[in-house]
Structure formats: structure tokens, C-alpha cells
Number of protein chains: 2
Amino acid sequence: MKGKARAHSNIALIKYWGKSDEELNLPTSGSLSLTLDALYTDTYVSFEDNLNDDVFYLNNVLQNNTRVSRFIDIFRKLSGINKFALVKSTNNFPTASGLASSASGFAALAGALNVATGLNLGKKELSSIARRGSGSAARSIYGGFVEWITKGKESYGKMLDDANWDIGMIIVVLSQKEKAISSREGMKISKSTSPFYSKWVETSKSDLKNIKEAILKRDFEVMGDITERNSFLMHAIMISSNPVLLYWEPDTLNVIQMVKELRKDGIMCYLTIDAGANVNILCRLSQANLIKSHLCKTFNEESIIISKPGSGIKTLNISKDELYG
Amino acid sequence: MKGKARAHSNIALIKYWGKSDEELNLPTSGSLSLTLDALYTDTYVSFEDNLNDDVFYLNNVLQNNTRVSRFIDIFRKLSGINKFALVKSTNNFPTASGLASSASGFAALAGALNVATGLNLGKKELSSIARRGSGSAARSIYGGFVEWITKGKESYGKMLDDANWDIGMIIVVLSQKEKAISSREGMKISKSTSPFYSKWVETSKSDLKNIKEAILKRDFEVMGDITERNSFLMHAIMISSNPVLLYWEPDTLNVIQMVKELRKDGIMCYLTIDAGANVNILCRLSQANLIKSHLCKTFNEESIIISKPGSGIKTLNISKDELYG
């Protein structure tokens, strides 16, 4: 009746921006991400007899989150367990600031519930369920480069490659503010108002096909080029939405400029920006410190996070405090 | 054999971004602009016996500009004049910084050549010729709100409305640098690489139809809303181009934010950005000083230009210095 798991965040190289099914969280196009070692969520779940509602703590603060309860319902239904749950989640990074906290959050919750319910589902099934909590959580079940595949109503993550070939990601944290418009809301706005939306779906499909080929060939520059371009296409979709979705801040443009200059100097690295102001830089892990030192000329060291590729979810031991506390 | 004319710059509310014919400067979609009183070019032309090439001074600096010579060729062909020309042009604002210097430049040159050749062409014909120098120059022949109409190979400006109903424009000059990629080059890149380009052409057509209705109804808010949205759509096209055309600078985002805040405070004004970092704010002329005072909290007073609607080209008297100098 108790379980604990860790899941890592992921940054999409081919973006997820729009749902074909709001209820089931099915995407309008496939996506592909890199799981990040440096950013993760640890989640502890315990089904309890003496609760009259689910109780959810995030970073030790009690939350009022119906999404979490609806997500636990999926596991209650599958397992037949009829109790409320105590959930304690901890992110090692700022929540809802474009660092994909919902991806690691729902993946870790799925992993902990998998143990607590004793269901012992396989990763593919777990990924499919994690998706119901947050689309990108489907990808955080796995490590390395992960594709989110959808065939009809089957929709789940799948590892394409372990990314163990000198791949790194640098996150430049420019804003820890919560977004004015959530990704969930933004996607809806774009899908229904951008005149370019259907073309975005088409282009994403070919971008996905091409990046998979580049990854399997270990062609870093082609992979990076597709990554950066796909991110700009998503932002073009956001800017063409009504109301305009403009997540960038002035420093976002400064980092874009820096990445361009680094490439001119022969340091091959590529940017990708989610629905937020932060900039993620895909690079050679062996060059990450060099790139960081360039960025540190302008930004605080603490706002620059270097990550190697992360692994998939794993079960954690429950501490004595959690067991008896 | 001598002529002098003044033409004002214009800022497009429905943007021109792409040619269907490179040679003839025919646009892929119609556009509509406001002519600006505050920004203009004065151009003096004199056909001379003792020159063995055209000589072109811009702001008193000798230029090497084949576009100007090719443009004069059109007038030489029409008039039968077989001499080289001395051209002296003066902008009262920075050249090639997104302030549409080529629009007022080629319109003023057309006006001066019209006098110097004695052709005495009408405005419609003059607009059609000015277009060959720079597309947007077709609009600077006229004052107020001007549509650029294309029917087959006929392509010329036409005044829709004199804009004499409390209309103003504020130009926030953020950069006086020349663009890294000219509009001419950028348009080519977008047309051939943006996956959204054909949709942009479609959307522009309906934006143009709708803004014309709003202008004729004097519905300022609808006009402003279409203006701002059309500009963001053009920038979405730029951002979706390969290479990415990103003309914004960090302060561009700051002004975008300020315009949003002004509207929240009930001061209705709308932004439009050309291929450059500067932001133009369409407003009520009666509120322009109020808006300027808000902007002055962040920006230098000298970088903020208020303009009322401008008039069409006019012939200027030739000074004694020019006549005998």
C-alpha cells in the first residue's frame, strides 16, 4: 500500500503542442525528447485508511490539485483499491517554469502508484497511463532519447537510443515565475486560432522522421539543426495564435544570440525553448562546461544547469520516516 | 532637366512580405499602410551633360547603388532622355533601420524624376513605377491610409482614407543598425522555406479585407487588433523561415509588454513591427503624448517619434544652390 519512485524531467527536441483528444491526452503529432539526469521528481504514495480525501504535498506544501486525484483514480480502478492516498512529491527544480515539472511529476507518481497498488505494470503500460496525467510524462518513464508514439488510442513512450554518445543539455533558467498561460491552455488556443496549425502538424511529422534517422546515425549536427528549427516552428505557432502566446523574455533573445555566436566560433550547440522563457541548449556533454563559461559572462552561475542524459523511472526505498511517520 | 520632390515614409498595417515576381516587384498579397508625416525623404535630381555615370548622394555621402541607376533607366526609357543624373537624397531619419527608408526614398526619387524628365505622369502611374524601385514605395506616393493593389501585372497604390480622424503613430527607435538580412533577402528566404508561407498569403487577404472595412467604419479598435495580429503573423513567418529571421532585440519584447499594459489601463494602442527591432505603435493622435510619457519611463525621449498621418508626394522648389551649385 506504499510506494516511492523517481522520474526525470525531459526536454522535447521535437515538440508536443496540441491535443487531438483533450480527455485522453492524445497529441496531434508525435514528439521526441531527451530525458535529463539533473532534473527529477521523487514521489512517495501511501494508501491510507484514515483519510477522507487524497492529500498531496508538493515540496512540503499542501496542494489543491484535482488533476492528481483524477490520476490516482486510474490506479484505483485498475487495482480495485478503494482508499484515499497521501502523496508527497519533491522537485529538485522550480515548478511550472518551463522545466517540465509535470512530466517528471506524473511519471514519478505513476511509478510510485505502480508499487503501492502492487499492479506491477510494465513500462509501456505505465507510460500510457502517465500520459493521462500530463502528455509529456509518457516520455519521462524512459531514459535517453524517447519517442512518444500514438497509434489510434494507444499512445505511449518508447526509448529510441540511450543518448550515451557525448550528449548533454544546458538549461538556462531565466524565469522562475509561473507561466501566465499554461501549456495545456496555450495548446488549445493555438490549435483553434493559429492559421498555420495544420501545417505545423505536417512539418512535425517529417521533423520527427528526420531526427530519428539522425539520432540512429549519431549525426549530432543534423539532430541539432532539426531540434532548433522545430522549436522555432512551435514558437511561430504560438506567435500566430490569438491571443498571441509570447513566452519569451528579453534575456531569451540574448541567449538565442549567444548560441548563434558559439556556433560561429565552431562550438556546435543548438537551442530549444519550451512554453516559457528558459532556453535549453543541446550540446556535446564534453563541451558543456566550455559553453557554460561563455554563458557565465552574462548570467549567474546558479541559473545554468548542465545535465547529462537521464535514465528512466526507478523505484526508491521508502525511508523509516515515511514508513512510520 | 531638374526636379525635386518630398515623399513620406509609411508603416504597413497589413504587411508586405514576399514577391510573386522578383523582377517587377509584384507582391504575393495586398498590403495597406499609413503614411507618416514625421519621416520623409527629399530628393533632387538633375540630368547633366558632363557626367559619365549616375551619381547618387544619400545624406551627403556618395553611394554605390545600382538599384538607383536601374530605377532612373525606367524614366530614361519613358522620356527618351539619354543623360546621366546627379541625385541628392536626404532622409530626416536613420536609413535601413526598419523605418522604411526605401519606401520614401524611391517615392521621392520617382517624384523628382517625374519633374526632371517633364513626363508629368499621374500619381497612379508614378506609384506603379515607384514600386519597381521598392515595393512599399508604391504606397508612399499617397497620403493617409493607402492600399497597394495588384491586378495581374498592374500594381499600384491607392488612397483609401485620409486618416484624418485622430490617428497617430509612435515609432520607438530601438536600433539604428542596418539589418543583417535585408527585407528583400528575407522575403525570398521566407517564401522558399517557411512551411506556413501559403497560409500567410491566404490570411493576409482576409486581414486586408477586414481592415479596409474597419477603416471605412472608423472602428479604431478593430483596425488596431487586425494590425497587431497581422504583424505577429508576419513575424511568425520570419521565425519559421530557414535560416530563422529574428529581427527582434530584447527591448522589442519590453515595448510589446508595455503596449499590452497600456491597453490594460484602457489606453487603446496597437503595435506593428517591420523587419527590424523598432516597434511602431498605432494610437489615437490625441493620446500620443500620454503614451510617449509612459514609454519615456524606460526609453530616451529622442528615440520616440510621434507622427500624424502624412500626405502624398509633393514637388519642392529647387534652391539657388542646387540650381547653380
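Structure first, text after, so check above.
The following refers to the structure shown. Remember, it's a predicted structure, so these values are computed and weren't measured experimentally.

### Here we look at the packing of aromatic side chains
Okay, so step 1: Evaluated as defined, the whole model comprises 15 aromatic pairs over all chains.
Okay, so step 2: Arranged with centres 5.2 Å apart and planes meeting at 70 degrees, the rings of Phe-71 of chain B and Phe-106 of chain B form a pair that is edge-to-face. You can see Phe-71 of chain B sitting in helix α1 (residues 66-79) and its partner Phe-106 of chain B sitting in helix α2 (residues 101-116), a full 35 residues away along the chain. This pair shows no difference in class: Phe-71 of chain B is buried, exactly as Phe-106 of chain B is.
Okay, so step 3: Grouped by ring-pair contacts, the aromatic residues Phe-232 and Trp-248 of chain A together with Phe-232 and Trp-248 of chain B constitute a single cluster.
Okay, so step 4: Above the plane of the ring of Tyr-40 of chain A lies Arg-6 of chain A, whose end atom (NZ or CZ) is 3.9 Å from the centre.
Okay, so step 5: Over the ring of Tyr-156 of chain A we find Lys-124 of chain A, and its NZ or CZ is 4.4 Å from the ring centre.

### Digging into the relation of the copies chain A and chain B
Okay, so step 1: Note on the copies: chain A fits chain B at an RMSD of 0.0 Å, the axial shift is 0.0 Å, and the rotation between them is 180 degrees. The superposition operator between the copies reduces to a two-fold rotation axis.
Okay, so step 2: An overlap of 100% is found between the interface residues of chain A and their copies at the interface of chain B, pointing to a shared contact surface.

### Section: the environment of His-8 of chain B
All names here are of chain B.
Okay, so step 1: Assignment of secondary structure puts His-8 in strand β1 (residues 2-14).
Okay, so step 2: Here His-8 falls in the buried class, since its relative accessible area comes to 3%.
Okay, so step 3: Distance in space between the C-alpha atoms of His-8 and Ile-129 is 16 Å, their sequence separation being 121 residues.
Okay, so step 4: Residues in contact with His-8, not counting those within four places in the same chain, are Thr-35, Leu-36, Asp-37, Leu-39, Tyr-40, Ser-104, Ser-140, Ser-311 and Gly-312.
Okay, so step 5: From its side chain, His-8 meets the backbone oxygen of Leu-36 in a polar contact 3.1 Å long.

### Topic: the pairing of strand β7 (residues 84-91) of chain A
The two faces of a sheet get side chains in turn, since along a regular strand they alternate between them.
Residues and elements named next belong to chain A.
Okay, so step 1: Taken together, the 8 bridges between strand β4 (residues 31-48) and β7 define a ladder with antiparallel strand orientation. For Thr-41, the partnering residue across the bridge sits in β7 and is Asn-91.
Okay, so step 2: Bridge count between strand β5 (residues 55-58) and β7: 4 bridges; the pairing is parallel. Paired with Leu-58 across the strands is Ser-89, a residue of β7.

Cut-off values and rules
Residues numbered from 1 in each chain as written. Chains lettered and ligands numbered in written order. Predicted model: local features only at pLDDT ≥ 70, side-chain atom pairs only at ≥ 80, totals over all residues. Heavy atoms only, no water. Phe/Tyr/Trp six-rings, centres within 6.5 Å; stacked < 30°, edge-to-face > 60°. Helix = DSSP H or I, 4+ residues; strand = E, 2+ residues; numbered from the N terminus. Buried < 20%, exposed > 50% of the residue type's maximum accessible area, 1.4 Å probe, protein only. Lys NZ or Arg CZ within 6 Å of the ring centre and 35° of its normal. Least-squares fit on C-alpha atoms with pLDDT ≥ 70 in both. Contact = heavy atoms within 4.5 Å. Polar contact = N/O pair within 3.5 Å; in protein donor to acceptor, adjacent residues only side chain to side chain. Pairing = 2+ DSSP bridges.

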